[in-house]
Amino acid sequence: MTEAILLVGGKGTRLRPLTVHTPKPMVPAAGVPFLTHQLARARAAGVDHIVLATSYLAEVFEPHFGDGSALGLHLEYVTEKEPLGTGGAIRNVAERLRSGPDEPVLIFNGDILTGLDIRALIDTHESSGADVSLHLTKVTDPRAYGLVPTDDTGRVLAFLEKPQTPEEIVTDQINAGAYVFRRSVIDTIPAGRPVSVERETFPDLLAAGAHLQGMVDSTYWLDLGTPAAFVRGSADLVMGRAPSPAVPGRRGDRLILPTARVAADAKLTGGTVVGEGAFVAEGARVCGSTILPGAVIESDAVVTDSLIGSRARVGERSVLTGAVVGDGAVVGADNELRDGVRVWCDARIPAGAVRFSSDQ
């Protein structure tokens, strides 16, 4: 069995207002906290011991997951007093690991939805004799990412910052946010201060002659850092495009949680999720969206590619496209909210207050 460190300490600022009251890994995707999908996939790959490196709203995790026995795992929790970055967080939990010096430790970020073959990454690490192995994925446009070129055997050659010119794009391979460390390498990370594995640990190891191995796995991969990406990831889980053993229901066009209510003539498509205790009224149309627990979509509203927070309300005939509505907010009737708008928690938008088209 392999043990793992899961980095779940980020503030999720790009996801606000979803993360005002909820840490990013605990925001529901396909009906359960996103972290549930990661834990379930790790367990399916043979991982049995996971240490969660927490920081922001750390008190939320353990009451929900407990000791992990319900998922067939043994979970432990370590909370950073001050943010330590990815490398610092890994080093901060090292004393909770049980592996011997040469044994593998799986490490993954708490905001990546992926179809990575976890066992294949571990097997690659062990067969290559690497000090650290990295999951790499290929992207069509690598300009927004750091590049990781490798040689013919998969050995990492460099870590390159985001390319600024076409000439600097020497590969389409990027760091996909999952690693296997030789246990002893973790102890070389400086303790007690912020450290970035991407900008400090990996380049320093490479400069010191360490063996860093890349494994390209270009199955499903999505960084859930933005609201639009999070909504898409949830829909992809529901429709079966993204793999997870933790989706609480059959894959398909929609997922309705047990205590949710949906009017007979409401139309739910595109991987829409209706959370516990939520209500979708008659004539409403909801496509590719996530309706969190206790939210209400009133009659004839149209909600597309949006995320509606817990206990929020969308009024009659309102049209939302690419919107995020925070917990407890109310969007009155006959409003139009378009791509990128964020309605903050508990805000109130009066009826007909926001429009992009003229009144008919």
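What you see as residue numbers is a count from 1 along each chain, following the sequence as written. Residue-level local features of this predicted model are given only where pLDDT is at least 70; pairs of side-chain atoms are given and counted only at 80 or more, and the full residue set underlies all totals for whole chains, interfaces and linings. Calculated side-chain values reflect all of the structure's heavy atoms, with hydrogen atoms and water omitted.

Enquirer: I tried to follow the packing of aromatic side chains on my own but got confused; where do I start?
Expert: Each pair of aromatic rings is reported with the distance of its centres and the angle of its planes. Here a pair means two rings of Phe, Tyr or Trp (six-membered ring of Trp) with centres within 6.5 Å. Their orientation is stacked below 30 degrees between planes, edge-to-face above 60, and tilted elsewhere. In total, this model carries six aromatic pairs according to the counting rule given. With a centroid separation of 6.4 Å and 75° between ring planes, the pair formed by Tyr 179 and Phe 181 is classed as edge-to-face. Only protein chains enter the accessibility calculation, which uses a 1.4 Å probe; a residue whose area is less than 20% of its type maximum is buried, one above 50% is exposed, and one in between is partly exposed. For Tyr 179, a relative accessible area of 1% gives the class buried. With 6.0 Å between their ring centres and 35° between their planes, Phe 181 and Phe 202 make a pair best called tilted. Here Phe 181, found in strand 9 (residues 173–182), pairs with Phe 202, found in helix 6 (residues 197–207); they are 21 residues apart in sequence, far enough to count as distant. Phe 202 carries the same exposure label as Phe 181, and that label is buried. Aromatic ring contacts, followed pair by pair, group Phe 159, Tyr 179, Phe 181 and Phe 202 into a single cluster. To sit over a ring, a charge needs its Lys NZ or Arg CZ within 6 Å of the ring centre and within 35 degrees of the ring normal. Sitting over the face of the ring of Phe 279, Arg 261 holds its NZ or CZ atom 4.4 Å from the ring centroid. Note on conventions: DSSP H or I runs of at least 4 residues are helices, E runs of at least 2 residues are strands, and numbering of each starts at the N terminus.

Enquirer: When you look at empty space enclosed by the protein in this model, what are you seeing that I'm missing?
Expert: If you roll a probe as big as a water molecule over the atoms, it shows you where there is empty space left. Cavity: a set of points on a 1 Å grid over the protein atoms alone where a 1.4 Å probe fits but cannot get out. Pocket: an open set with protein on both sides within 12 Å along at least five of seven lines, its lining residues, like those of a cavity, having an atom within 4 Å of a point. Grid points are joined across faces, edges and corners, and a volume is the space filled by probe spheres set on the points. Counted by the stated rule, this structure contains one cavity of 30 Å³ or more. Quantified by volume, the largest cavity comes out at close to 190 Å³. In terms of lining, the largest cavity is formed by 18 residues, of which the most central are Gln 38, Arg 41, Phe 108, Ile 112 and Thr 114. Elements with a contribution of two residues or more to the lining of the largest cavity: helix 1 (34–44), strand 6 (104–109), strand 7 (112–114) and strand 9. Examining the composition of the lining of the largest cavity, we find that five residues originate from one element, helix 1, more than from any other. Residues are grouped as follows: nonpolar covers Ala, Val, Leu, Ile, Met, Phe, Trp, Tyr, Cys and Pro; charged covers Asp, Glu, Lys and Arg; every other residue, Gly included, is treated as polar. Looking at the lining of the largest cavity residue by residue, the classes come out as eleven nonpolar, six polar and one charged.

Enquirer: So what exactly am I meant to see when it comes to the sheet that holds strand 6 here?
Expert: Whether parallel or antiparallel, the strands of a sheet pair through hydrogen bonds between backbone atoms. Strand order in this open sheet of seven strands is 5-4-1-6-9-8-10, and the pairing throughout is mixed. Edge positions in the sheet fall to strand 5 (74–79) and strand 10 (212–216), since each of these pairs with one other strand and no more. The mean inter-strand angle of the sheet, taken between neighbouring strand axes irrespective of direction, is 25°. Against the sheet, helix 1 touches strand 1 (2–7), strand 4 (47–54), strand 5 and strand 6, its axis set at about 150° to strand 4. Seen against the sheet, helix 6 touches strand 8 (132–138), strand 9 and strand 10 and runs at an angle of roughly 65° to strand 9. In this analysis, strands are considered paired if DSSP registers two or more bridges between them. For every element, the axis is a line fit to its C-alpha atoms; helices are fit only across the contacting stretch, and the angle between N-to-C directions ranges from 0 to 180 degrees. Here a residue-residue contact requires only that any non-hydrogen atoms of the pair lie within 4.5 Å.

Enquirer: How should I be thinking about the environment of Leu 6 in this particular structure?
Expert: By the element assignment, Leu 6 lies in strand 1. Measuring from C-alpha to C-alpha, the distance between Leu 6 and Leu 52 comes to 4.9 Å, with 46 residues separating the pair along the chain. Sequence-distant contacts of Leu 6, defined by excluding residues within four places in its chain, comprise Leu 35, Gln 38, Leu 39, Ile 50, Val 51, Leu 52, Ala 53, Phe 108, Asn 109 and Gly 110.

Enquirer: Mind showing me how you'd approach the sheet that holds strand 17 (residues 285–287) here?
Expert: Reading across from one edge, 14-17-20-23-26 is the order of the five strands in this open sheet, with parallel pairing throughout. Every interior strand has two partners, whereas the edge strands, strand 14 (267–269) and strand 26 (336–337), have only one. As paired elements, strand 23 (residues 319–321) and strand 26 share two bridges and run parallel to each other. By the bridge assignment, Leu 320 is partnered in strand 26 with Leu 337.

Enquirer: Which parts of the structure should I look at to understand the environment of Arg 317?
Expert: Along the polypeptide, Arg 317 turns up in the loop between strand 22 (313–314) and strand 23. Looking at Arg 317, the relative accessible area reads 42%, which means it is partly exposed. Taking C-alpha positions, Arg 317 is 47 Å from Pro 166, a pair spaced 151 residues apart along the chain. If near-sequence neighbours (up to four positions away) are discounted, Arg 317 is found in contact with Ser 299, Asp 300, Ala 301, Ala 333, Asp 334 and Asn 335. Distance and chemistry together define a polar contact, namely a pair of N or O atoms within 3.5 Å, with one atom able to donate a hydrogen and the other to accept it when in protein, and with adjacent residues in sequence counting only for side-chain atoms on both sides. A distance of 3.2 Å separates the side chain of Arg 317 from the side chain of Glu 316, its partner in a polar contact. Looking at Arg 317, its side chain comes within polar contact range of the side chain of Asp 334, at 2.8 Å.

Enquirer: Explain the nonpolar core here, please?
Expert: One recurring pattern in soluble globular proteins is that nonpolar side chains are buried together. By size, the foremost hydrophobic cluster in this structure holds 29 residues, and its most contacted members are Ile 5, Ile 107, Leu 134, Phe 181, Ile 186, Phe 202 and Leu 212. At the level of elements, strand 1, strand 4, helix 3 (85–92), strand 6, strand 8, strand 9, helix 5 (183–186) and helix 6 are the ones that each hand at least two residues to this core. The residues contacting Ile 186, other than those within four sequence positions of it, are Ile 5, Ile 90, Arg 91, Ala 94, Leu 97, Val 105, Ile 107 and Phe 181. In plain words, nonpolar cores are sets of buried Ala, Val, Leu, Ile, Met, Phe, Trp, Tyr and Cys residues tied together by side-chain atoms within 4.5 Å.

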